[in-house]
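Chains, contacts and geometry: an overview
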Number of protein chains: 2
Amino acid sequence: MGHTVIFQPSGRRGEVEDGVTLLDAAHELGVDIEALCGSARVCGKCKVKLEEGFFEKFGIESKTDNLSKLLEEEKDFFSPEELADNYRLACCAYVHGNVLVFVPEESRGAKQVILELGRERAFDLNPLVANYYIELIPATLEDQTNDITRIKNELAAKYGLTADLAVDYPLLQTLPGTIRDAEWKVTVTVWDGKEIIKVSPGLKEDVYGLAIDVGTTTVAAYVCNLRTGAEVSKGSIMNPQVRYGEDVLSRITYAMMNDDGLSKMSGAIIEGINSLVDRLTEEAGIRPGDLVDMTLVFNTAMHHILLNIDPKYLGRAPFAPVISNSVDIKARDLGVKISHCAYVHCLPVEAGFVGPDNVSVLIAEEPYKQDKMILVIDIGTNGEIDFGNREKLFSTSCATGPALEGAQIKFGMRAAPSAVEGVIIDPETKEPKYKLIGQDKWWQEGDEPIARGICGSGIIDVIAEMFKSGVIQSSGRVNQKTGSSRVRKGADGKWEYVLCWAKDTAIGKDITVTQGDVRAVQLAKSALYVGAQYLMEKRGVDKPDSVTLAGAFGSYINKESAMVIGMFPDCDLENVQAVGNAAGDGAKLALLSKNKRDEAEKVARFVEFIETATEPDFQTRFADAMAFPHSKDPFPHIQHILDKIPK
Amino acid sequence: MGHTVIFQPSGRRGEVEDGVTLLDAAHELGVDIEALCGSARVCGKCKVKLEEGFFEKFGIESKTDNLSKLLEEEKDFFSPEELADNYRLACCAYVHGNVLVFVPEESRGAKQVILELGRERAFDLNPLVANYYIELIPATLEDQTNDITRIKNELAAKYGLTADLAVDYPLLQTLPGTIRDAEWKVTVTVWDGKEIIKVSPGLKEDVYGLAIDVGTTTVAAYVCNLRTGAEVSKGSIMNPQVRYGEDVLSRITYAMMNDDGLSKMSGAIIEGINSLVDRLTEEAGIRPGDLVDMTLVFNTAMHHILLNIDPKYLGRAPFAPVISNSVDIKARDLGVKISHCAYVHCLPVEAGFVGPDNVSVLIAEEPYKQDKMILVIDIGTNGEIDFGNREKLFSTSCATGPALEGAQIKFGMRAAPSAVEGVIIDPETKEPKYKLIGQDKWWQEGDEPIARGICGSGIIDVIAEMFKSGVIQSSGRVNQKTGSSRVRKGADGKWEYVLCWAKDTAIGKDITVTQGDVRAVQLAKSALYVGAQYLMEKRGVDKPDSVTLAGAFGSYINKESAMVIGMFPDCDLENVQAVGNAAGDGAKLALLSKNKRDEAEKVARFVEFIETATEPDFQTRFADAMAFPHSKDPFPHIQHILDKIPK
């Protein structure tokens with residue numbers, strides 16, 4: 001008798017035999033769970049969480065005894081909280097019924113590669129938080145001046161700071177001891193020239209801060225030295241809220257349908273951020289308390305949910321957010337475990353779902369400083385588009401879905417080692433060549449069979465190549481008469497293209513691109529295209545002078561492939577550039593530059609948000625844009641490529 | 001076999017027989033514990049807490065089985081926290097060894113009478129926190145303006161408030177729902193014209209705040225309507241820190257000697273304040289969350305300890321505090337459970353131990369607005385003295401001890417019903433007349449025997465009368481040759497005066513004034529006198545034009561008695577006034593008036609602190625001032641009284 005097993009957050013599902021372990025089931029279904037000891041039950045790396053809340057959603061009965069009982073030898077690997085949360089070791093839990101299992105980030109075999117490299121950007125290093133070293137004259141019976149006045153007077157005399165500095169209360173608690181133990185020589189950390197937020201013993205030159213881009217699917221974090229501007233460590237995790245819903249709307253719905261839904265999701269992302277804080281400070285050789293400033297960017301829904309603000313009204317017309325201006329929140333009020341008195345700066349919201357992350361992209365790309373008409377596309381689960389120049393900028397958002405990030409694609413995966421990231425298909429034979437992340441050269445017959453799946457840039461590439469080689473038609477339909485064995489009817493009766501044969505993979509299965517995968521990409525690219533179209537019309541322009549592709553995987557994107565599938569309107573490819581995670585870069589810039597924060601506040605009001613999904617002809621345009629590259633619009637800059645496509 | 005039982009916070013101690021209940025022991029030792037059901041074990045009112053940490057201090061072995069085991073029938077009366085804290089019902093716990101027991105405020109039989117009436121004071125009602133009612137135009141697809149901007153625009157348009165208002169983050173969390181549920185009609189609470197700290201549905205006219213005077217021994221609290229200036233409820237508790245030390249220095253020592261001493265004491269006073277918040281808001285018919293502003297006054301040591309600031313360096317030369325300016329702290333950061341986004345305003349520190357409470361007395365009494373030379377004495381466990389006028393003011397502090405508050409006096413008690421508050425002794429017969437709190441007339445032979453002890457004003461009165469009637473000499477020594485049976489050698493071999501015979505009391509014992517009590521009062525009054533003397537000299541003046549007596553019991557003090565014992569230098573009695581708890585009044589004024597807060601900041605810098613205890617001739621002067629009224633200084637204004645004293 002078989003049981004259905006579903007692994008989150010990948011969504012991989014399948015039938016397994018009764019009595020197999022979760023670890024075996026995972027391998028069978030191509031889910032990579034770390035297991036250093038090879039099921040010897042000694043490494044404790046294969047922790048997974050038995051989820052219950054989602055069972056009804058899938059029509060599966062909710063019983064915890066669908067797994068074998070917790071073993072004594074498992075227990076030692078878990079904290080009491082984890083035990084209460086139904087954590088198990090995948091190697092110890094035998095499947096005896098339908099189960100839904102969540103694989104935490106740390107248990108996943110393939111750790112995410114940091115792709116958020118960004119590009120070089122010039123800016124003024126002008127951080128909000130700075131250190132000032134002072135040597136105080138000790139108190140005497142003749143001069144009983146209090147500690148704070150003593151500090152302020154010295155800061156005013158030596159550095160010209162205002163004598164009106166505020167002092168955050170908690171730092172007073174240990175101040176007298178700190179000053180005297182340090183023999184009256186201390187470093188004072190000041191926020192925005194306005195508030196003393198830390199006093200450290202002795203001379204402390206370096207000041208550290210954290211910039212975080214909270215995406216719907218991916219959270220990227222950067223620790224920077226505010227004194228030098230250098231990035232000292234970075235990393236990313238999957239947004240832990242993914243378990244509560246794949247996209248923005250499903251999370252708003254989760255918050256509305258569950259009394260503690262909002263606080264659960266808010267708590268999950270804060271916990272995720274704290275895990276990043278621990279990891280990245282350790283990597284940088286500093287302590288979490290050394291982080292004295294932080295910037296946060298996210299879309300408006302993530303903004304509300306992270307801040308534990310009821311997102312209900314954001315999800316329904318007229319979609320008004322609670323606040324648009326930037327907010328400075330004490331880290332302790334948010335529960336973020338950096339320096340106790342530090343502020344967290346949330347960049348301003350634009351309008352609707354276009355949030356601080358788009359403002360962040362704008363301050364990184366600065367289209368408002370340029371004469372030429374720039375189209376900026378930030379590709380994510382929620383896509384954002386900006387168009388215009390210094391005179392006027394418009395923006396909109398699109399429900400792209402996570403397909404371009406490798407999710408909701410049959411063999412999609414995140415950008416991790418052994419993911420297919422580039423593809424070329426021979427137009428004659430339909431035979432593919434592919435490149436894997438972590439490999440210097442294209443994969444060849446005889447190389448190690450390590451392919452695991454296809455990441456976002458690989459998906460764009462393979463779809464473009466399938467189109468260029470005639471495997472799929474302009475409509476997206478798989479061409480059933482290619483004569484290639486790679487184009488076949490799948491087990492579900494639907495057509496698919498075999499990118500890697502099972503023998504050449506690490507998962508022991510054919511890695512295919514299905515008709516459904518093609519459709520998901522079509523929906524995503526059409527949404528982006530139509531959004532851009534509306535903005536250009538609004539601006540009175542029929543084509544962009546340049547196109548900027550941003551996104552967590554953006555620097556690896558093949559811009560020709562992106563144009564071939566029609567992700568954006570025709571443009572000279574020389575003027576199309578991929579800039580990486582511009583939202584993350586903007587968060588870093590805001591961390592390092594007060595001017596950039598001011599600029600963010602201004603541009604958030606300058607850019608005009610256009611609601612495009614409610615336009616009357618939206619559906620028609622959307623349908624027209626489904627075709628590769630488009631059913632009506634011409635693409636002169638790639639016409640030579642389109643001309644070569646086999647009929 | 002007898003066991004030593006000590007009851008805190010009164011400090012009453014004595015030997016009891018093995019096997020008596022704690023309730024009986026309490027009655028025997030004159031400690032009043034509430035027991036409505038008369039030991040029937042059904043009312044649960046006689047809760048006490050078995051203290052352990054102090055045992056060593058008293059050289060008593062620390063064993064919890066010095067009390068009988070917890071009974072099943074007791075358990076229901078306690079929370080798990082109380083059980084863990086060794087709470088017992090006094091009627092159920094039998095004494096089988098030496099024990100130290102703490103009687104919580106709510107278990108004490110005689111609830112404190114609110115004596116802090118203050119006097120009428122004219123001031124401008126100009127509170128920092130105010131309510132603004134607005135009706136918003138609902139958001140539409142055409143106007144998606146965010147909620148906060150919508151609110152700020154309306155506040156600017158209707159009330160002329162700045163568009164630059166800050167918003168405290170936590171209120172954002174529920175704001176969208178609040179606004180829409182209230183159909184866009186809300187009341188906005190604004191702090192200092194600068195920050196939105198609350199948004200309530202509909203029209204809410206009244207604004208409430210809390211003023212608290214944290215004395216070393218007594219904590220007084222006042223709930224005021226900030227819109228009308230009316231006091232709507234008030235109350236007081238004994239400072240829960242008393243269990244950690246009677247006076248300021250012993251508490252600083254406790255903080256230094258115990259790792260968690262500071263946080264324990266800070267936690268205890270915050271918990272005490274929260275109990276007052278609950279009680280006083282209930283009495284006022286409002287909720288704790290309705291309190292949107294709060295002022296705090298205390299001496300510098302209480303200031304540091306309440307704020308959980310290391311007081312170590314405050315207790316040793318050069319006695320520099322960590323901060324002198326006023327501080328505004330979010331209630332949530334302090335743990336005070338009023339409105340989540342409210343601020344707590346701590347008035348400024350002057351210098352040394354002269355803290356916000358003295359600043360508070362000054363803004364209530366305003367000597368800095370007068371031409372005449374005013375001596376202000378704030379009587380408390382830590383006494384504060386101010387002298388001067390509009391041109392110059394000096395201040396100092398004196399370690400008075402708690403004797404004048406009725407503590408550390410054999411039959412001393414707080415100002416509560418059935419406490420002796422006034423005394424007259426016949427100079428011939430040495431027979432006393434006395435008045436009890438809560439009784440309209442002087443007690444007479446045949447009246448109910450309800451006397452329980454002597455409160456602060458009663459102590460000053462009885463000492464003055466003992467001196468005037470020749471029971472004690474100018475030196476303070478009991479006159480052994482009065483011929484009265486009331487003047488006798490006590491069980492300890494020391495002389496004492498019997499104020500009430502056992503048959504006339506509720507405690508079944510003679511209420512006496514001992515030689516030790518006289519000495520304690522002499523030490524206190526001498527400290528105050530010498531302090532005043534130094535300040536007058538510093539000011540170049542040999543007598544005050546007027547004397548103001550402040551203190552929690554100040555309005556009941558017999559000013560003639562106070563002068564007869566020499567608590568302050570000679571002055572026309574017509575120019576001596578008792579003004580009640582001026583520190584509490586100042587806290588209320590600061591709550592109700594922004595101008596008063598500004599005045600406090602100014603006067604804290606205007607008044608000059610004089611360290612008197614370190615003066616080289618301090619000891620000599622102190623010795624001289626021990627006599628009644630003084631061994632050297634003349635008292636022309638009461639010479640007629642002194643002349644009548646039997647030789």
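We now turn to the structure provided with this report. Since we're looking at a predicted model, the values are computed, not measured. (Residues numbered from 1 in each chain as written. Chains lettered and ligands numbered in written order. Predicted model: local features only at pLDDT ≥ 70, side-chain atom pairs only at ≥ 80, totals over all residues. Heavy atoms only, no water.)

Below, the discussion takes up the side chain of Asn239 of chain B. Residues and elements named next belong to chain B. On the secondary structure map, Asn239 appears in the loop between strand 12 (231-238) and helix 7 (248-257). On the basis of relative accessible area, Asn239 is assigned to the buried category, the value being 1%. Polar side-chain contacts of Asn239 include one of 2.8 Å to the backbone nitrogen of Gln241. Leave out the neighbours within four places in its chain, and Asn239 touches Val214, Gly215, Thr216, Thr217, Thr218, Val219, Arg251, Ile269 and Met302. (Helix = DSSP H or I, 4+ residues; strand = E, 2+ residues; numbered from the N terminus. Buried < 20%, exposed > 50% of the residue type's maximum accessible area, 1.4 Å probe, protein only. Polar contact = N/O pair within 3.5 Å; in protein donor to acceptor, adjacent residues only side chain to side chain. Contact = heavy atoms within 4.5 Å.)

All names here are of chain A. Strand order across the open sheet formed by three strands is 20-19-21, with mixed pairing between neighbours. Of all strands in the sheet, those bounded by a partner on one side alone are strand 20 (432-436) and strand 21 (453-454). Across two bridges, the pairing between strand 19 (residues 419-425) and strand 21 is parallel. Across the sheet, residue Ala419 finds its bridge partner in strand 21, namely Gly453. Where helix 12 (residues 456-468) meets the sheet, it contacts strand 19 and strand 21, and its direction lies at approximately 15° from that of strand 19. (Pairing = 2+ DSSP bridges. Axes fitted to C-alpha atoms, helices over the stretch in contact; angles between N-to-C directions.)

On to the pattern of salt bridges. Residue and element names in this part refer to chain A. Counted under the stated rule, the structure contains 80 salt bridges over all chains. The partner of Asp143 in a salt bridge is Arg150, and the shortest N-O contact between them spans 3.3 Å. Since its relative accessible area comes to 29%, Asp143 is described here as partly exposed. A relative accessible area of 8% means that Arg150 is categorised as buried. (Salt bridge = Lys/Arg side-chain N within 4 Å of Asp/Glu carboxyl O.)

Next up on the list: the side chain of Thr187 of chain B. All names here are of chain B. Turning to its location among the elements, Thr187 is positioned in strand 8 (residues 185-191). Residue Thr187 is classed as buried on the basis of its relative accessible area of 1%. Excluding residues within four positions of it along the chain, Thr187 makes contact with Asn131, Tyr132, Tyr133, Lys198, Val199, Ser200, Gly202, Leu203 and Lys204.

All names here are of chain B. With mixed pairing, five strands are arranged side by side in an open sheet as 2-1-5-3-4. Of all the strands in the sheet, just strand 2 (12-17) and strand 4 (87-89) have a single pairing partner and so form its edges. Pairs of neighbouring strands in the sheet enclose a mean axial angle of 35°, with direction left out of account. Here three bridges tie strand 3 (residues 47-51) to strand 5 (residues 99-102), and the two strands are oriented antiparallel to one another. In the strand pairing of strand 5, Leu50 is matched with Val101.

Each partner contributes to the interface: chain A provides 38 residues, whereas chain B provides 38 residues. Between chain A and chain B lies a buried interface of about 3,400 Å² when both sides are counted; carbon and sulfur atoms form 62% of it. Where chain A meets chain B, there are two salt bridges. The salt bridge involving Asp333 of chain B is made with Arg332 of chain A; its shortest N-O contact spans 2.7 Å. For the interface between chain A and chain B, the tally reads 18 residue pairs in polar contact (both at pLDDT 80 or more). Broken down by secondary-structure element, the contributors of at least two residues to the side of chain A that touches chain B are helix 4 (147-159), helix 5 (169-172), helix 6 (175-181), strand 14 (327-330) and helix 10 (331-334) of chain A. Sort the elements by how many residues they give to the side of chain A that touches chain B and helix 6 of chain A lands first, with five residues. Residues belonging to the side of chain A that touches chain B are distributed by class as follows: 21 nonpolar, ten polar and seven charged. (Buried area = accessible area lost by both parts, 1.4 Å probe. Nonpolar A, V, L, I, M, F, W, Y, C, P; charged D, E, K, R; others polar.)

The values reported here are purely geometric and, on their own, carry no functional implication.
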